[in-house]
Each structure stands twice: as structure tokens, then as C-alpha cells.
Amino acid sequence: MSLAQVHYTSAAPGDEGAAGRFTAVGPGVSGALLAEIEPLVRYELPAGVPDRPSDGELRSLPQAFTYAALSDGSRLVSRSAPARDTGGGTGSGIRFHAHAVHLPPGVPLPGDRLPVEAWRSPHWVAATPGGAIPDPLTLPPGATAVSEGLDDFAVSRGPWLAAVLADLRRASDAEAAGGPPVVLVERQCADVARWLGLASVTLPRESAERLTFTTYTRRPGSSAARVAGVLPEDAEAARAAGLRVHVCAGQSPAGGGTDDVWATTAARIWRSRSPELFQEARELPGEPFTAGPLAVTALCAGIALGPDGRAAAAGWAADRPYTLDAKRTGQLVEALTSPGIDDRTSSEFDAAGRLFGALEGRCPASVTAPLAAMLVTEAVRGGNGSLELPRRDAFVGPEGAKVAERLGPEILTELGDTTGSRSVARTVQLLRVARLLGVDGTESLPSVVDRLAPALLAEAAVREEEGAAGAPSFAATLLELLDEQFEVRTALLGALDRIAPQDPGAVARFLERVALPFTGTQVLPHLRMCAEVSGAMATLGGDRAAVWHRVLRAAGLSPFAEPLVLRTGVGLVWEDRAPTVEEARLLLDAATSDSHRVAGTWARLVDAALGASAAEPSATGTPSAGPSAASTDEAAALAHDLLRGFPGEIGGRERAGLLLLDLVRELRAGAPEPGWAETVRTLCAQAEPVEPALRERAHAALVERLLAPDRPGAELYDFVHGDDAELIAAYDRTARTETVRTRLRAQPAYAADCFTVWTAHPHAGKAWPPVAAALLDEVLRPAVRAMSAEDVAEVESTVGRTGSSGRADAFRDWNRSSTLGRLGRRIAGRVRRG
């Protein structure tokens, strides 16, 4: 069909206020479309053009070749070019003429050509014709001028190639319509057209057709095209407008690269002068701009790619192992495993591992063997612990023997190295590769496992401190190793079981994250305890005694047969705290003293006895004023048994503390050796820093005994004259308790005894006299006032009988002063009222 043509020329010199006019309009082009077309075909001369340019200068001026989409869905292909003014007027001597072809909606270019192919068509005219002219879009068969020399042009633009192709690809996206253009800066507008020619070959057809453009403009910021060409002098203005600018004329860019793997691969194909590969790649499955098909095609054609391109090719082929034929599969594997490559990355090796897994069993071993060899070589020499290793049968035959001969000594040397640190992932990988290649590491296995076991716990602990959740990164490969190699599993589980008693909490936390397979016939009592404790605590809550019994049962061994299960159990249940006295009694009774001595758990029992709380909850739920007699008795009894059971192990301040507790037991239930107060003071000094609870227990037991009716006088004398302020303060507190007050009111003989004691030593140091005077006035006097006359007389009689007549007189005077004091206060009150 015949396409409508439009001609537009600039205003004649002297035509003020006019930019130009349409000189010819073909049928079907409405006035509304002409208003839309006019700004598209206007032309602005470059800066610095002489008024009367020579013919050569005129020919060197840029031409604007434009492909635009119009609002009604139609398209416009035009060329705007400068021409000499022949009107004889004054001025620059230059006009421009625009020749355009209108394409109605849905109408393709003649011959199904792309718009850029019409560049340099011999049918574009520089003046309005007088008659019919050929359609410039009807091109001769074969390549047009723009496609000639594209290979050379691509090579000359190598530094910019990948970045420009990436931007042209993004500009051709359907969602990019209406966005700012990509600006290409070239000295010749023909080179901008060549860039568009590269894009038309590289991009899929539908993307290339969406790529509207103009090869020359002075104002790219206001251009509706997706690609705009400008001269170097206008590049800075384009940058200032915030546009994406590629200065392709001049010095190569410092970086010039892109992380777009598709564009990087396309650039390598162009530099290899193999544009036919783009069509070949488009015939492979995959999204249009995924790098995989293009990278596979390039590698099979012998074009070297970078690590990202090789990874993309391997990954794509791994996902589609049946797509490539045997020839291209072999070519791809050969390219990926080339010995000349020295820049492989972890992601590339991972992709190669997936490709090996996809091809294994589907291709002959001769095809996959190079991949397998590359993977295990990287695992040994590159330290890539995340690689998916091939199966053992991948190395059956000469290829396997060759790889084993090359890598075996390196593996054994590194496994046998006991200096420095080696990560868990590295050790696991070396052990797996050793088995894969049939390398015998039996001699080094014990030392390897002895280093691996604590490293597992250490790396898991670091991850826990960092707050990372889930299993450690080495967990999956570790479990694969244990599943593959029975001897390693047996040795490693045994090593972990041996170190579990030293830090059972760490082992238990590790087993929560990594479920080691120890359900077989190995005894492993400590590992089984560590695995059991989490579930036991979740089920039994705070009942630590019940958790202890359950964990101990999980061991499957008696503490008599294996004393160290005591240490493991105590570490699991009471990891960060001391047992209570009741729990310590349970532990002590669970095994013999010899078992606790071997396990070292006697120290935890000592901590329990020394750390027992002095203030037990009362019936009201608030702490009582002093130590509970029951809890004190239990702690003291425990101390007595510990001193008897571990005489050679307990020493220093711990022994002094336990002796204090044992003295408490004797003070309350037996007949301790004389010198109670001095013994308490001595043991407290030896037990420094003594626990406040323990000091309180000892003081309370001593003063309770000194306040008892049957206390020895010598002990009381020593106590009073010892002038120990802390002990005397404890005596004062206990004497003011309701127990003592009740006994004073109910027992005249006890009241008489207290009067005698509290008045007998008026000059005994500094601490005792004020305390004794206060007790007489504030504790004894209220008790005597509450007595009957008969009881008061009995007190007086007892004081005289046990002391002397002078002391009886002293009591009468003390009691009378109290009475007279009350009487005097009553009289004074009456006088005041009168």
C-alpha cells in the first residue's frame, strides 16, 4: 500500500514569527496529527554554524532521523536535514527540510523492516518534490547502509557497549513509555543510528519496535523519544537535566561497566563479531532478557564470558537439562571447566554443582567428569564449603584416580595440621572429599575429630551470641557427612560425649539446633542426657528434681557405674544456679561420696549448703525476721554430712563455712565444745567473704542458745566480754522477739535470770552496757509490769536466791523506780489539769 508522506520546511528568511510550514501533506493525515507532528520534525542548528557555510560544512551538519509513536496509535518515520537557502534573502543561508512518512495503526513498514533500517535511504529528499516520489521506506533488498559495519562499530565502542545496551533494553520495556530518554552523545548522528542498529539486532523484535528515537536534538529533556542523540557540546545540559547520558565520543569511561549480565554477555558477542547468535539464543526457552540462553549460546560458540555469565549459563542449563543436545552440552561443559579460567566465583561453582547434579545419570560420565573434577578441586583448594559435591561413583575409573592422586596429599596434609584454626565447614568438606576420592585418612581421624568436636560447639556459641536463629550454616553438610561415613559419625559422637560433662549446657543448646543421629547402639550417656533436658524442662517446668530424675534415666547408666553422669546432670539442670538444700540432699543421696568425688559435684553441694537462704517465707508470704529453724537445720545437717563425706576435698573458706553450719546444728540440737562465741568469730573470719545468710544463721543460733534458760554461764561471760558488736546486736534483736517476751511474762525464773544477766556486767566493754540497759528498760520492764504480784514476788525471790541479797535489793529498787515513775507521772498530770 502507498504510505502518506509529509514535507515540512523552515520559514524563509525575514518571515518573522513563523517557525516553518507544511509544504505537502499526503492523504489521511489530519490537522490534529499535523499539530502533533510539527514539533517532532523541527530542526535546530548546532551552535557555532557559520552564516554562509561551505558545501562541505553543510554536508557535515547533523541530520535528525526520527521514529515516533503518535497519540492515535500511528507512527511517524522522518528525516530533518539542513539545506541551503536559494531564495536570495539575507540571513544564515541555511534552511531545513523535513521529509516524513506516516504509518497508520497496525500497518508494518514495507518489507517488514525496522524503522532504523530506513536511515540513509536514497529516497529521502531535501526539498518539497513537484511530483510523486518513491516511498523512502521501500528499501532495496538486502542490508541497508545502517547495518553495514555494525561489527566494527561495536568493537570501536567496546568500553560503552554493555552499559548502553543495558539502558537501551530498559528503554524498550513496555512500562518505560513516557519516561526520560536515554541520551547517546556522538560526534556524528550516523553513529547514533548505528547504536540503534545494534539494538535492533540485539533486542527481540517487539522490544526493538517500541524503541522510539531521534538521532539528533538540541533539547533531549523535552523529547518524547525513548532514545535521543546529541552532540558533545550539548551533553552537559543533558546531564544537568537529570537524564541518563552516555558520552560515547571521547575518552573511555573510568568504570563503564554494568551489573546487567544479559547486557554484558551481549556486548561480548558483539565484540566477537557474532551477531547471528542473538537469533540463535532467542530460540531457546526462557524470558527475553534472562542471561542464561544468551550465555549458553555464547559459550557453545567459543566466546569467553565472565563469572556471572558462566554462572548464568550453568544455572539455566541445570534447570533445563533436556534442552541442549549432546553436542552443545559437551561444548558448555568444556567451556565451564576450561583450565585457563582463573576468576571463578562461589556463585559460579554453586551453579556448576547444580548443573552436575542435573546432568549426572543423563549424560555419559566422560561428559560430566570434568565438572566433577572442577568441583572437588575447588572444594579442596578454593575452600568453598557450600559446594554440592558429586556422588562417589562420579570418579570411578581413570579420571577419579587422576584427581585423587593430585588432591589426596593436599587433603591429608591439611587434615593432619594441628596448628591454627580450621572452620567446621572446611573440616567437614575435606572429610567428604577424602571419602569421595577414596583417600585413606584413618590415621588422622582421631586427631581430626578431637579438634572438630569442640569447634562445633564454639561456632554454634558464636552464632548464638550474635542472636542468629536456626541451625548453623554447617549443619546440613555435617549431617550429610555423618550419614555418609559411619566411622566419622562414631568417632565424632564419642568425642562429643566425652566433652559433654565439661560443658553440658553448651552441648544441649547445640543439639537443639543440630539433631545429631545418635539413636543407634552407641551408649553415649552424656549426649542422651543433653538431648533429653530440653523436653524435660518443657514438660516438667520448674520441678528441677523431676527434671533431674528424667535426665538421669535418659543416660541409661547408673551414677555408680559412670559417676560423670552426675556432673552432666547437675550441669544441665542447675547450669547457672546452685541447688537448694533439698535438691542438694537429693543429689547427695543419689550416689556415693566416691561417685561425687570423681564427678566433682561435691563442690555444687557445698555451694548449696553455704548459699541456703536465711530468710524463709512466712505463712503470710512475707520474709520472716530470722532464719527458718527447719531450713537452718537442713542446711546444717547437709554441712555435717559433707564434712564427713569429703574431708580431703573441702578446705579453706568453704570448710570454715560448713563448720559454722555444723556448729549451728550442735548449738540447736547437741552439746558443742566450749568457747561458742570465740568459735563463731574465728570461723566467720576464716570463711571471709562469708555469705550474709550463713553469718546470720550462725549468729542466730548462738544468741538463741545464750538466751536459753539452761545456757552455761561461762559461755555468756565470754560472749559479753568479747565485745563483738555484731554478735551483741544479734543478741539484742533476738531478745526483742515475741518468743522471748512471752517467755519473760510467763516464767518468773526466766525473767529473774535475764535481770541478773542484764545487770551483771555494767563495765563489759562498749557494746554490751547500752544494749543491756535498753533491754532492761524496753523488754524486761514491760514484762514485769504485766505480771501478777505473786509472779513479781517470785522474780524477786529467785533473784535473791540465785544471786545475793544485794541483787534482790537492786531488783526491788529497779522495780520500785518503775512504779514511782508511773505514780509521779500520774500526779504531774493531775497538777497540770488543775
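Residues numbered from 1 in each chain as written. Predicted model: local features only at pLDDT ≥ 70, side-chain atom pairs only at ≥ 80, totals over all residues. Heavy atoms only, no water.

*Asks:* Explanation requested: the overall build of the protein chain in the structure shown.
*Replies:* In terms of regular secondary structure, the protein chain is built from 37 helices and 9 strands. Here the C-alpha radius of gyration of the protein chain, 51 Å, is well above what a compact globule of 834 residues would show, namely 28 Å. Across its three principal directions, the C-alpha atoms of the protein chain cover 160 × 95 × 40 Å. Long-range contacts, defined as pairs at least 24 residues apart, comprise 69% of the intrachain contacts of the protein chain with a sequence gap of at least 6. Element-wise, carbon and sulfur atoms account for 52% of the exposed surface of the protein chain, whose accessible area totals about 37,800 Å². (Helix = DSSP H or I, 4+ residues; strand = E, 2+ residues; numbered from the N terminus. Rg over C-alpha atoms; globule rule 2.2 N^0.38 Å. Contact = heavy atoms within 4.5 Å. Areas by Shrake-Rupley, 256 points an atom, 1.4 Å probe, with all protein chains shown as cover.)

*Asks:* I keep staring at helix α23 (residues 564–573) and nothing clicks. Help me out?
*Replies:* Given 3.6 residues to a turn, an α-helix orients residues that are three or four positions apart in the same direction. A large share of α23 lies buried, amounting to 8 of its 10 residues. V565, L566, T568, G569, V570, G571, L572 and V573 are the residues of α23 that are buried. (Buried < 20%, exposed > 50% of the residue type's maximum accessible area, 1.4 Å probe, protein only.)

*Asks:* Please explain the nonpolar core as it appears in this structure.
*Replies:* Nonpolar side chains tend toward joint burial in soluble globular proteins. Residues L478 and W758 are the most contacted members of the largest nonpolar core, which totals 243 residues. With residues up to four places along the chain from it excluded, the contact list for L478 reads V428, L456, L492, F510, V514 and L516. Membership of the second largest hydrophobic core comes to 7 residues, among which are V183, V185, V230 and A235. (Core = buried A, V, L, I, M, F, W, Y, C linked by side-chain atoms within 4.5 Å.)

*Asks:* What exactly am I supposed to notice about the packing of aromatic side chains here?
*Replies:* How two aromatic rings sit relative to each other is set out by the distance from centre to centre and by the angle between their planes. Using the criterion set out here, one finds 19 aromatic pairs in the structure. Measuring from ring centre to ring centre gives 6.1 Å for F65 and W124, while their planes differ by 75°; the resulting arrangement is edge-to-face. Pair noted here: F65 is in strand β3 (residues 64–69) and W124 is in the loop between β5 (94–103) and α3 (150–156), with a separation of 59 residues, a long-range link. For F65, a relative accessible area of 0% gives the class buried. Owing to a relative accessible area of 7%, W124 belongs among the buried residues under this scheme. Look at F811 and W814: their rings are 5.7 Å apart centre to centre, the planes differ by 40°, and that puts the pair in the tilted class. Within this pair, F811 and its partner W814 are both found in helix α37 (residues 805–833), separated by 3 residues, close to a single helical turn. For the residue pair F811 and W814, the accessibility class agrees, reading buried in each case. The positively charged end of R169 is found above the aromatic ring belonging to F289, 5.4 Å away from the centroid. (Phe/Tyr/Trp six-rings, centres within 6.5 Å; stacked < 30°, edge-to-face > 60°. Lys NZ or Arg CZ within 6 Å of the ring centre and 35° of its normal.)

*Asks:* In this structure, what is going on with the side chain of T329? I would like to understand it.
*Replies:* Note on placement: T329 falls in helix α12 (residues 326–336). Owing to a relative accessible area of 7%, T329 belongs among the buried residues under this scheme. Other than its neighbours up to four places away in sequence, T329 contacts L324, L359, C363 and V367.

*Asks:* Help me understand the side chain of T217, please; the structure alone is not making it clear to me.
*Replies:* Considering the arrangement of structural elements, one finds T217 in the loop between β7 (213–214) and β8 (227–230). Within the local environment of T217, its side chain forms a polar contact with the backbone nitrogen of R219, the two atoms lying 3.1 Å apart. Leave out the neighbours within four places in its chain, and T217 touches A228, G229, V230 and D234. (Polar contact = N/O pair within 3.5 Å; in protein donor to acceptor, adjacent residues only side chain to side chain.)

*Asks:* Which parts of the structure should I look at to understand the sheet that holds strand β2 (residues 20–25)?
*Replies:* Where strands meet in a sheet, backbone hydrogen bonds hold them as pairs that are either parallel or antiparallel. A sheet is described by the order of its strands in space; here 9 strands give the open sequence β2-β1-β5-β4-β3-β7-β8-β6-β9, paired in mixed fashion. Looking along the sheet, the strands with just one partner apiece sit at the ends: β2 and β9 (244–247). By the bridge criterion, 10 bridges tie strand β4 (residues 75–84) to β5 in an arrangement that is antiparallel. Across the sheet, S80 pairs through a bridge with A98, a residue of β5. (Pairing = 2+ DSSP bridges.)

*Asks:* Which parts of the structure should I look at to understand the pattern of salt bridges?
*Replies:* Any two side chains of opposite charge can pair, given that their charged atoms come close. Overall, the coordinates contain 50 salt bridges when judged by the stated rule. With a closest N to O distance of 2.6 Å, R597 and D594 form a salt bridge. In this pair, R597 and D594 are both assigned in helix α25 (residues 593–599), 3 residues apart and thus about one turn of the helix distant. Residue class for R597 comes out partly exposed when judged on its relative accessible area of 27%. Here the residues in one salt-bridge network are R157, E186, D191 and R194, joined through shared partners. (Salt bridge = Lys/Arg side-chain N within 4 Å of Asp/Glu carboxyl O.)

*Asks:* What should I look at first to understand unusual backbone geometry in this one?
*Replies:* Of the consecutive residues E688 and P689, the connecting peptide bond is found in the cis state with omega at -5°. Structurally, the position occupied by P689 is in the loop between α29 (676–686) and α30 (692–706). Even without glycine at this site, L524 takes up a positive phi of about 45°. Mapped onto the fold, L524 is located in the loop between α20 (504–513) and α21 (525–540).

*Asks:* Just to check I follow, could you spell out the packing of helix α19 (residues 486–499) against α21 for this structure?
*Replies:* Between two packed helices, what matters for the description is the angle formed by their axes and the separation of those axes. Running from N to C, α19 and α21 point in directions that differ by 75°, and their axes come no closer than 7 Å. When the interaxial angle is binned, α19 and α21 end up roughly perpendicular. Listed contacts from α21 to L493, L496 and D497 of α19 are P525, H526 and L527. Tallied by class, residues from the contact of α19 with α21 come to 4 nonpolar, 1 polar and 1 charged. (Axes fitted to C-alpha atoms, helices over the stretch in contact; angles between N-to-C directions. Parallel < 35°, antiparallel > 145°, perpendicular 65-115°, else oblique. Nonpolar A, V, L, I, M, F, W, Y, C, P; charged D, E, K, R; others polar.)

*Asks:* Please clarify how the packing of helix α22 (residues 544–555) against α23 should be interpreted in this entry.
*Replies:* At a closest axis distance of 10 Å, the pairing of α22 and α23 adopts a crossing angle of 140°. Relative to α23, α22 is oriented oblique. α22 and α23 meet at a crossing whose hand is right-handed. Across the interface between the two elements, R544, V547, W548, V551, L552 and A555 from α22 touch V565, L566, G569, V570, L572 and V573 from α23. Its residues assigned to classes, the contact of α22 with α23 comprises 10 nonpolar, 1 polar and 1 charged. (Left-handed = near helix turned anticlockwise from the far one by under 90°.)

*Asks:* Would you explain the confidence of the model for the protein chain in this entry?
*Replies:* Detailed conclusions should not be drawn from predicted coordinates in areas where pLDDT is low. On average, residues of the protein chain score 86 in pLDDT, and 92% of them are at 70 or above. This model gives residues 820–834 a pLDDT under 50, and the stretch forms 2 contacts once residues within four places in sequence are excluded. (pLDDT = per-residue confidence, 0-100.)

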